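# Understanding the architecture of this molecule
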Amino acid sequence: KYYGELVALNNVNLNIKKGSIYGLLGPNGAGKTTLLRIINNILVKDSGSVKVNGIEVSHKTSKFLGYMPEERGLYNKMRVEDQIMYFGQLKGADKSILYKNMKEYMELFNLSGQGRRKIEELSKGNQQKVQIISTLVHQPDLVILDEPFSGFDPINGALLSELINRLNERETTIILSSHNMPAIEEMWTDIALINKGTV
């Protein structure tokens, strides 16, 4: 991937096994987020091939993916439940399944009773929880979390770690991207280090 004359990704070659927790590590500006956006079909690669479940990345593969970007993207004026259901429906999931999953995740993250509140009325930590639930509510095969522990206190960080392990037990494939190795080093089953666009 090029930005003008800058080579953002240079012959990056990864094979992420189904059911693994894959650590993608590197300093800020290394190319991690660019790679994740290409996997999610948000950015278009200049060359190469990216496949999810054996299918070349396109809008068709988005239903398999759950992506939480480092720059969080919630609608402040929307209610929590409406927000989560909206993101789930964008992935083509059934409303009844989404609602059931949402209730389970909200209970896990101690958000029961908060569903009718607007996003702007929540603390930053609770907004982060809503972002995570929105990422997971449609039960994606591949979950991509970019700096997932950023802004979380230790208690909520432990909750997220428990959830990641629970997803992994269900054979969900997880990519954890971070510049902070201690935050995720006990969790991964595989790892790639990326710097200056190169693995």
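## Considering the overall build of the protein chain
- Secondary structure assignment for the protein chain yields six helices and nine strands.
- What you see for the protein chain is a C-alpha radius of gyration of 17 Å, in line with the 16 Å of a compact globule of 199 residues.
- Reported as C-alpha extents along the three principal axes, the dimensions of the protein chain are approximately 50 × 35 × 35 Å.
- Counting across all 199 residues of the protein chain, residues that qualify as buried make up 47%.
- Here the contacts in the protein chain between residues at least 6 apart in sequence split such that 71% fall between residues at least 24 apart.
- If you sum the accessible surface of the protein chain, you get close to 10600 Å²; carbon and sulfur atoms cover 48% of it.
- Across the protein chain, the centroid of the 24 positively charged side chains sits 6 Å from that of the 22 negatively charged ones.

## Focus: a nonpolar patch on the surface
- The grouping of Y75, Y86 and L90 at the surface amounts to a nonpolar patch, some 320 Å² of accessible area in total.
- Secondary-structure assignment places Y86 in helix 2 (residues 80-90).
- With a relative accessible area of 36%, Y86 lands in the partly exposed category.

## Concerning the side chain of Q114
- Take Q114: it is sitting in the loop between helix 3 (95-108) and helix 4 (124-136).
- Side chain to side chain, Q114 and R117 meet in a polar contact 2.7 Å long.
- Contacts of Q114, omitting those with residues within four sequence positions, involve V80, M106 and L122.

## As for unusual backbone geometry
- Unlike most non-glycine residues, N110 shows phi in positive territory, near 60°.
- Structurally, N110 can be placed in the loop between helix 3 and helix 4.
- A residue is classified by how much of its surface remains accessible, and N110, at 60% relative accessible area, is exposed.
- Of note in the backbone geometry, E147 takes a positive phi value of approximately 50° without being a glycine.
- Relative to the assigned elements, E147 resides in the loop between strand 7 (142-146) and helix 5 (154-169).

## Side note on the pattern of salt bridges
- On inspection of all chains with the given rule, the structure shows six salt bridges.
- Here E121 makes a salt bridge to R117, at a shortest N to O gap of 3.7 Å.
- A relative accessible area of 42% means that E121 is categorised as partly exposed.

Cut-offs used in this document
- Residues numbered from 1 in each chain as written.
- Predicted model: local features only at pLDDT ≥ 70, side-chain atom pairs only at ≥ 80, totals over all residues.
- Heavy atoms only, no water.
- Helix = DSSP H or I, 4+ residues; strand = E, 2+ residues; numbered from the N terminus.
- Rg over C-alpha atoms; globule rule 2.2 N^0.38 Å.
- Buried < 20%, exposed > 50% of the residue type's maximum accessible area, 1.4 Å probe, protein only.
- Contact = heavy atoms within 4.5 Å.
- Areas by Shrake-Rupley, 256 points an atom, 1.4 Å probe, with all protein chains shown as cover.
- Lys, Arg positive; Asp, Glu negative; His and termini not counted.
- Charge placed at Lys NZ, Arg CZ, Asp CG, Glu CD.
- Patch = residues over 30% accessible without salt bridge, like charges linked within 9 Å, V, L, I, M, F, W, Y side chains within 5 Å.
- Salt bridge = Lys/Arg side-chain N within 4 Å of Asp/Glu carboxyl O.
- Polar contact = N/O pair within 3.5 Å; in protein donor to acceptor, adjacent residues only side chain to side chain.

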